[in-house]
Amino acid sequence: TAHLAVHSLKDVPTQFEDGLQLAAVTKRFDPRDAILSNKYTSIDDLPQGAVVGTTSLRRRMAIKMLRPDIVLKDLRGNINTRIAKLNAGEYDAIILAATGIQKLKIENEVKYFTPIETDVMIPSMGQATLGIETTNDPKVLEIVKVLNDRDAHIESTIERSFVDTLQGGCQVPIGVKATIIDENSIRVQAIVGLPDGTESISEDITVDIKEFETLGQKLAQIFIDQGARELLDRAEKLAFK
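Predicted model only: the values in this text are computed from it and were never measured.

### Description of the overall build of the chain
- A count of helical and extended segments in the chain gives seven helices and eleven strands.
- Here the C-alpha coordinates of the chain stretch approximately 55 × 40 × 40 Å along the principal axes.
- Expressed as a percentage of its 241 residues, the buried residues of the chain come to 46%.
- Looking at the chain alone, contacts between residues at least 24 apart form 67% of all its contacts between residues at least 6 apart.
- In the form shown here, the chain has an accessible surface area of approximately 12300 Å², with 50% of it arising from carbon and sulfur atoms.
- The centroid of the 29 positive side-chain charges in the chain is displaced by 5 Å from the centroid of its 36 negative side-chain charges.

### Section: the packing of helix 5 (residues 150–166) against helix 6 (residues 212–225)
- Axis separation between helix 5 and helix 6 bottoms out at 7 Å; the angle between their running directions is 35°. Both helix 5 and helix 6 take part in a crossing whose hand is right-handed. For the pair helix 5 and helix 6, contact is made by His153, Ile154, Thr157, Ile158, Ser161, Phe162, Thr165 and Leu166 and by Phe212, Glu213, Leu215, Gly216, Gln217, Leu219, Ala220, Phe223 and Ile224, respectively.
- Of the residues contributing to the contact of helix 5 with helix 6, the split by class is ten nonpolar, six polar and one charged.

### Side note on the packing of aromatic side chains
- As enumerated under the stated definition, the model contains one aromatic pair in all.
- Ring centres of Phe162 and Phe223 lie 5.1 Å apart, and the angle between their planes is 85°; this geometry places the pair in the edge-to-face category. One end of the pair, Phe162, is in helix 5; the other, Phe223, is in helix 6, with 61 residues separating them in the sequence.
- Since its relative accessible area comes to 0%, Phe223 is described here as buried.
- Across from the ring centre of Tyr91, 4.9 Å away, lies the NZ or CZ of Lys73, which sits over that ring.

### Examining the sheet that holds strand 3 (residues 33–37)
- Taken together, five strands build an open sheet; the order of strands is 5-4-6-3-7 and the sheet is mixed. Here the strands that pair on one side only, and so sit at the sheet edges, are strand 5 (71–73) and strand 7 (112–116). Within this sheet the neighbouring strands show an average axis-to-axis angle of 30°, counted without direction.
- As defined by bridge partners, strand 3 adjoins strand 7 across five bridges and the pair is classed as antiparallel. Of the residues in strand 7, the one forming a bridge with Ala34 is Pro115.
- Strands in contact with helix 2 (residues 79–87) are strand 3 and strand 6 (93–97); relative to strand 6, the strand with the most contacts, it is inclined by about 165°.

### Some thoughts on the environment of Ala178
- Mapping Ala178 onto the fold places it in strand 9 (residues 174–180).
- Excluding residues that lie within four positions of it along the chain, Ala178 makes contacts with Arg28, Glu155, Ile158, Glu159, Ile186, Arg187 and Val188.

### Side note on the side chain of Thr134
- The topology assignment puts Thr134 in strand 8 (residues 130–135).
- Residues contacting Thr134, with those up to four places away along its chain left out, are His3, Leu4, Gly19, Leu20, Gln21, Ala23, Val140, Leu141 and Val144.

### Here we look at the nonpolar core
- Ranked by size, the top nonpolar core spans 29 residues in total, and within it Phe162, Leu166, Ile174, Ile186, Val192 and Phe223 carry the most contacts.
- Contributions of two or more residues to this core are made by helix 5, strand 9, strand 10 (185–193), strand 11 (200–208), helix 6 and helix 7 (228–239).
- The leading source of residues in this core is helix 6, at six residues.
- Core analysis: the next-biggest nonpolar cluster, separate from the first, contains 14 residues, Ala62, Ile63, Leu72 and Ile95 among them.

### Looking at the layout of surface pockets
- A volume near 210 Å³ is recorded for the second largest pocket.
- What lines the second largest pocket is a set of 17 residues, and nearest its centre among them are Asp119, Val120, Met121, Ile122 and Ile191.
- Elements represented by at least two residues in the lining of the second largest pocket include exactly helix 1 (57–66), strand 10 and strand 11.
- Within the lining of the second largest pocket, the residues separate by chemical class into nine nonpolar, three polar and five charged.

What counts, and where the lines are drawn
The numbers attached to residues start from 1 for each chain and follow its sequence in the written order. Since the coordinates come from a predicted model, pLDDT governs what is reported: local features require at least 70, and pairs of side-chain atoms require 80 or more to be given and counted, while whole-chain, interface and lining totals use all residues. The basis for every side-chain value is the complete set of non-hydrogen atoms in the structure, without hydrogens or water. The secondary structure listing takes helices from DSSP runs of H or I that are at least 4 residues long and strands from runs of E that are at least 2 residues long, numbered from the N terminus. Note on exposure labels: buried denotes an accessible area under 20% of the residue type's maximum, exposed denotes more than 50%, and partly exposed covers the range between, all computed with a 1.4 Å probe on protein chains only. The contact definition used throughout considers only heavy atoms, calling two residues in contact when any of these lie within 4.5 Å. Accessibility throughout is a Shrake-Rupley quantity obtained with a 1.4 Å probe, and a residue counts as covered only by protein chains that appear here. Within this scheme the basic residues Lys and Arg register as positive and the acidic residues Asp and Glu register as negative, but His and the chain ends are omitted. A charged residue contributes its charge at one atom only: NZ of Lys, CZ of Arg, CG of Asp or CD of Glu. Fitting a line to C-alpha atoms yields each axis, with helices limited to the stretch in contact; the angle taken between N-to-C directions then spans 0 to 180 degrees. Handedness of each helix crossing follows the sense of rotation of the near helix against the far helix: counterclockwise by less than a right angle gives left-handed, clockwise gives right-handed. Charged means Asp, Glu, Lys or Arg here, nonpolar means Ala, Val, Leu, Ile, Met, Phe, Trp, Tyr, Cys or Pro, and polar covers whatever is left, Gly included. When two rings of Phe, Tyr or Trp (its six-membered ring) have centres within 6.5 Å they constitute a pair, described as stacked for plane angles under 30 degrees, edge-to-face for angles over 60, and tilted for the intermediate range. For a lysine, the NZ atom is tested; for an arginine, the CZ atom; a charge sits over a ring if that atom is within 6 Å of the ring centre and within 35 degrees of the ring normal. Here, a strand pair is defined by DSSP locating no fewer than two bridges between the strands. Take the buried Ala, Val, Leu, Ile, Met, Phe, Trp, Tyr and Cys residues and link them wherever side-chain atoms come within 4.5 Å; each set so joined is a nonpolar core. For each structure, a 1 Å grid was placed over the protein atoms alone; sets of points admitting a 1.4 Å probe that cannot get out are labelled cavities, open sets with protein on both sides within 12 Å along at least five of seven lines are labelled pockets, and lining residues have an atom within 4 Å of a point. Grid points are joined across faces, edges and corners, and a volume is the space filled by probe spheres set on the points.

Put into structure tokens, the structure is as follows:
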């Protein structure tokens with residue numbers, strides 16, 4: 001009953017039902033995660049046993065790899081609800097997507113808002129990009145193509161192909177970020193692992209940008225050869241115990 005839908009691209013499945021497609025991806029904003037706290041400026045600054053709020057398995061994995069001592073506590077609700085829980089003292093810090101806070105211009109609702117570099121916490125596929133899903137109607141496709149951003153398209157193609165080849169969705173700990181360096185090269189950071197951070201596989205490569213259409217699949221195969229699918233199967237079982 002609709003011609004198009006607007007989504008956060010990180011939540012869009014890599015496969016579509018017949019008659020639907022990803023027609024455009026918009027310009028990417030800050031793809032990083034961020035730590036929000038009223039006491040501490042960074043993950044390193046948190047005291048032993050600090051309580052950190054996040055429900056994302058990917059973020060849980062990254063935090064536990066950095067700081068096994070941190071206590072993780074589920075965090076649900078919209079952005080305002082999550083910040084209200086932080087301000088009520090339920091957490092020492094919470095982790096959210098930086099772009100959501102920046103777009104709503106609510107950085108000042110907490111004392112410290114600190115984006116986390118991708119070398120520390122690799123984002124999820126498509127983070128900070130909007131995905132425009134449409135029917136296959138040529139007229140609709142013509143209308144929305146103006147929204148498509150070339151750089152975001154290249155980066156998201158790699159990231160989504162990586163996740164699709166691994167057969168991993170939002171319920172398993174996968175981080176992948178493609179970053180265009182210049183007109184000739186692109187960097188891809190990727191990680192899969194267990195939610196408790198005890199095991200992981202990661203790669204950080206820089207290649208010719210001309211390879212972008214097949215790069216995600218090739219990188220995923222490198223992970224598969226190292227046992228990534230088995231690791232993700234274990235991660236899923238652990239997550240739903």
